[in-house]
Amino acid sequence: EIFKIYRIKYQKDYKELGLSMNYSKNQILEVEITDMSETGEGIGKVDGYTLFVKDAIIGDTVRAGLTKVKKNYSFARVVEIIKPSKDRVNPPCESHRQCGGCQIMAMSYEAQLSFKENKVKSDLVRIGDFDKDYIDSITENIIGMENPYRYRNKAQYPIGLSKDGEIIAGFYAKRTHSIVETKDCFLGVSENKQILDAVILYMKKCGVMPYDEASGKGTVRHVLIRKGFSTGEIMVCLVINEDSLKRADVLVELLENVPGIKSICININKKNTNVILGDRCETLFGEDTITDYIGDIKFKIGPMSFFQVNPAQTRKLYEKAMEYAMSNVDLNGSGYEGDNTAIQDNILSGKNVWDLYCGIGTISLFLSKKAKRVTCVEIVEQAIENAKENAMINGVTNAEFYSGAAEDLAPVLLKNGNIPDVIVVDPPRKGCDKKLLDTILSVKPERVVYVSCDPATLARDLKLLCESEYELKKVCPVDQFPHSTHCETVCLVSKKCPV
């Protein structure tokens, strides 16, 4: 599925050329990279035959070794960079190729932003069938970061043994459970390394072994580290394969002097599963939670809480969503009269807003400041409990929360007389359920604000929304995850102006 779009795109050229080339594994081909895939592989063609080349970026000319050969395309790896792209840089992390978490770290940040903005536009044109010139005219410049490093407030490090039998921490190599030793990830906070060193020292001192997936034996599975960027508060949680942790006092002694440590806890997960966290936590030191803010909204965060990992960009993302919800596209959708004046002219006053796929209520709490009433829906029950708690912490009384699938609850809300003027959706990567989109079209809100983490499913859903009564007014990409291929997008859809 990941490569379906690209297969269709390039197979056409292949067939038109009437080619019937035979390629084999380990064969080396020279290729110029002209595009990139959703998962960060460089894309190039040799006589119409498509290659997906790991660790290559747009503009590179490389010698590529074929690793997996199909009839119309192959996966490949870089054997030699013949001519580097003008946008190629030396990544600060030596492990980025083995780890696979930063697929495009070898690309300059300016080029990363351009690639992501173009990807959003391309998908809207190619999948959504929108006019290219129109998309260019309504798309704002992508919102990037001043410093695209050290932005992650959460890290989950698997613990294991090296080939030499030494305890190591790091990340799983792409599509494997082999640990690439990495204590100091350049996307995580600088305290991570000190914390991991302390945990490994504790394990060595007390004879505590890492968990082994094959045998099911051993104790420490993962180390979860969370930091409140606004408060500086840090939580360390060891995920263990036991009911208790041996000599926990030694661990606490080694960690409690790390600046910012507010909470040390364990999470018990004795299941043979790839799911990181179990169902039960126990606090060993300090508080059960730490505190952080997005804007002036306060959040209590526990080991199992969902919270956006890039709070700086999350604030920008949600402020853009707020701007679109309140913008000067009038209620008949007659036009967009300017950008940032939107916050001053609050059309949400006295309005009823639905926030579907609300998570822990982050957007909901922003919207509650301006709207008369906010109705929040989320399928994850624990997230709804967190949302209710966050509303209480922030003194929000005009938001109500429902647990369930948005597409199932929407008709129930309507029957109870809860009619939305504005609907905000922030779905998972698969996009909105078609049943929900049909409900939105039947409800006919004045506007829809769509927050997306996948441009392809965004384009698909916008195509359906804009087939008749609605039109796409504004688009703004937001770089939530620098050095990866992921891109968030905020879109404003409003009713068409009556003719």
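Treat the numbers as computed from the prediction; the structure is a model and nothing was measured.

Enquirer: What should I look at first to understand the overall build of the protein chain in this one?
Expert: Within the protein chain, the secondary structure is distributed over 12 helices and 21 strands. At 25 Å, the protein chain has a C-alpha radius of gyration in line with the 23 Å of a compact globule built from 499 residues. On the principal axes, the C-alpha backbone points of the protein chain span a range of 75 × 65 × 35 Å. Looking at the protein chain residue by residue over its 499 residues, the buried ones come to 55%. In the protein chain, 63% of the contacts between residues at least 6 apart in sequence involve partners at least 24 apart. Total accessible area on the protein chain stands at roughly 22,200 Å², and carbon and sulfur atoms take up 48% of it. Side chains of the protein chain carry 66 positive and 69 negative charges; the gap between the two charge centres is 4 Å.

Enquirer: Would you explain the sheet that holds strand 3 (residues 49-54) in this entry?
Expert: Each strand in a sheet pairs with its neighbour through backbone hydrogen bonds, running either in the same direction (parallel) or in the opposite one (antiparallel). One closed barrel accounts for five strands, arranged 1-2-3-5-4; its pairing is mixed. Pairwise comparison of adjacent strand axes, ignoring direction, gives a mean angle of 50° for this sheet. One ladder, built from five bridges, connects strand 3 with strand 5 (residues 73-83); its direction is parallel. Paired with Lys54 across the two strands is Arg77, which belongs to strand 5.

Enquirer: Whenever I open this one, the nonpolar core confuses me. Can you help?
Expert: In a soluble, globular protein the nonpolar side chains are often hidden away together inside. The biggest cluster of nonpolar side chains holds 79 residues, and the ones touching the most others in it are Ile195, Leu238, Leu356, Leu462 and Leu472. In terms of residue count, helix 5 (residues 191-206) provides more of this core than any other element does, eight residues in total. When neighbours within four sequence positions are excluded, Leu472 is seen to be in contact with Phe130, Tyr134, Ile135, Ile138, Leu462, Cys466, Cys491, Leu492 and Val493.

Enquirer: What's the story with the packing of helix 3 (residues 109-126) against helix 12 (residues 455-465) in this structure? I'm lost.
Expert: A pair of packed helices is captured by two measures, namely the crossing angle of their axes and the spacing between those axes. Where helix 3 contacts helix 12, the axes come no closer than 8 Å and their chain directions differ by 35°. Here the hand of the crossing between helix 3 and helix 12 comes out right-handed. Across the interface between the two elements, Lys119, Val120, Asp123 and Leu124 of helix 3 pack against Pro455, Ala456, Ala459 and Leu462 of helix 12. Tallied by class, residues from the contact of helix 3 with helix 12 come to six nonpolar, no polar and two charged.

Enquirer: I'm lost on the layout of surface pockets in this one. Help?
Expert: Left-over empty space is what a probe sized like a water molecule reveals as it rolls over the atoms. Looking at the largest pocket, its volume works out to about 1,500 Å³. Lining the largest pocket are 45 residues, and of these Gly100, Gly101, Gln103, Ser484 and His486 lie nearest its centre. Secondary-structure elements contributing two or more residues to the lining of the largest pocket are helix 1 (4-16), helix 2 (96-99), strand 6 (154-161), strand 7 (167-172) and helix 12. Top contributing element to the lining of the largest pocket by residue count: strand 6, with four residues. Size it by volume and the second largest pocket reaches roughly 830 Å³.

Enquirer: Would you take a moment to explain helix 10 (residues 406-415) for this structure?
Expert: Note: α-helices contain 3.6 residues per turn, so residues at a spacing of three or four share the same orientation. Here helix 10 has its buried residues at Ala406, Glu407, Leu409, Ala410 and Leu413. Down the axis of helix 10, the sector holding all buried residues measures 160°, keeping them to one side. Phi turns positive, to about 85°, at Gly417, one or two residues after helix 10.

Enquirer: Is there a simple way to explain the pairing of strand 7 in this structure?
Expert: It is a general feature of regular strands that their side chains alternate between the two faces of the sheet. Within strand 7, five of the six residues are buried, which leaves it mostly tucked inside the rest of the structure. Inspection of the sheet shows strand 6 paired to strand 7 by three bridges, in the antiparallel sense. Across the sheet, the residue bridging to Ile159 is Ala169, located in strand 7. As paired elements, strand 7 and strand 8 (residues 179-181) share three bridges and run antiparallel to each other. Bridging from a neighbouring strand, Phe171 pairs with Val180 of strand 8.

Enquirer: What am I meant to see in the state of the cysteines here?
Expert: On inspection of all chains with the given rule, the structure shows zero disulfides. Here Cys237 is not disulfide-linked; the sulfur of Cys265 is the nearest cysteine sulfur, at 3.6 Å.

Enquirer: Hey, could you run me through the pairing of strand 19 (residues 447-452) in this one?
Expert: Counting buried positions over the six residues of strand 19 gives six, a clear majority of the element. Here strand 19 shows a buried face lined by Arg447, Val449 and Val451 and a second buried face lined by Val448, Tyr450 and Ser452. Bridging between strand 18 (residues 422-425) and strand 19 involves four bridges; their strand directions are parallel. Each bridged residue has a counterpart across the sheet, and for Val422 the counterpart in strand 19 is Arg447. Of the crossover connections in this fold, the one passing from strand 18 over helix 11 (residues 434-443) to the parallel strand 19 is right-handed.

Conventions and cut-offs
- Positions within a chain are numbered from 1, following the residues in the order the chain's sequence is written.
- Reporting of local features is limited, given that this is a predicted model, to residues whose pLDDT is at least 70; pairs of side-chain atoms are given and counted only at 80 or more, and all residues count toward the totals for whole chains, interfaces and linings.
- Note that water and hydrogens are dropped before the side-chain values are worked out from all heavy atoms of the structure.
- Each helix is a run of DSSP H or I of at least 4 residues and each strand a run of E of at least 2, with the numbering of both proceeding from the N terminus.
- It is over C-alpha atoms that the radius of gyration is taken, and the globule rule equals 2.2 Å times the number of residues to the power 0.38.
- Working definition: with a 1.4 Å probe on protein chains only, accessible area under 20% of the residue-type maximum means buried, over 50% means exposed, and in between means partly exposed.
- A contact between two residues is defined here by any heavy atoms of the two lying within 4.5 Å.
- Note on areas: Shrake-Rupley with a 1.4 Å probe; residue coverage comes only from the protein chains shown.
- Charge assignment in this entry is limited to Lys and Arg as positive and Asp and Glu as negative, and neither His nor the chain termini are counted.
- Note that the charge is assigned to NZ on lysines, CZ on arginines, CG on aspartates and CD on glutamates.
- Here a strand pair is declared whenever DSSP counts at least two bridges between the two strands.
- For helices, the fitted line uses only the C-alpha atoms of the stretch in contact; every axis is such a line through C-alpha atoms, and the angle between N-to-C directions lies from 0 to 180 degrees.
- Buried residues of nine kinds, namely Ala, Val, Leu, Ile, Met, Phe, Trp, Tyr and Cys, make up a nonpolar core once their side-chain atoms join them within 4.5 Å.
- Helix crossings get a hand from a simple test, with the near helix turned counterclockwise from the far one by less than a right angle marking a left-handed crossing and a clockwise turn marking a right-handed one.
- Three categories are distinguished: nonpolar for Ala, Val, Leu, Ile, Met, Phe, Trp, Tyr, Cys and Pro, charged for Asp, Glu, Lys and Arg, and polar for the others, with Gly belonging to the last.
- Only protein atoms enter the calculation, which uses a 1 Å grid: trapped sets of points that fit a 1.4 Å probe without letting it out are cavities, open sets showing protein on both sides within 12 Å along at least five of seven lines are pockets, and any residue with an atom within 4 Å of a point is a lining residue.
- Grid points are joined across faces, edges and corners, and a volume is the space filled by probe spheres set on the points.
- It is the directions from the helix axis to the C-beta atoms whose arc is reported.
- For the purposes of this analysis, a disulfide is any pair of cysteine sulfur atoms at a distance within 2.5 Å.
- Handedness of a crossover: with both strands directed away from the viewer, a clockwise path from the first strand across the helix to the second marks it as right-handed.

That is the geometry; function is a separate question.
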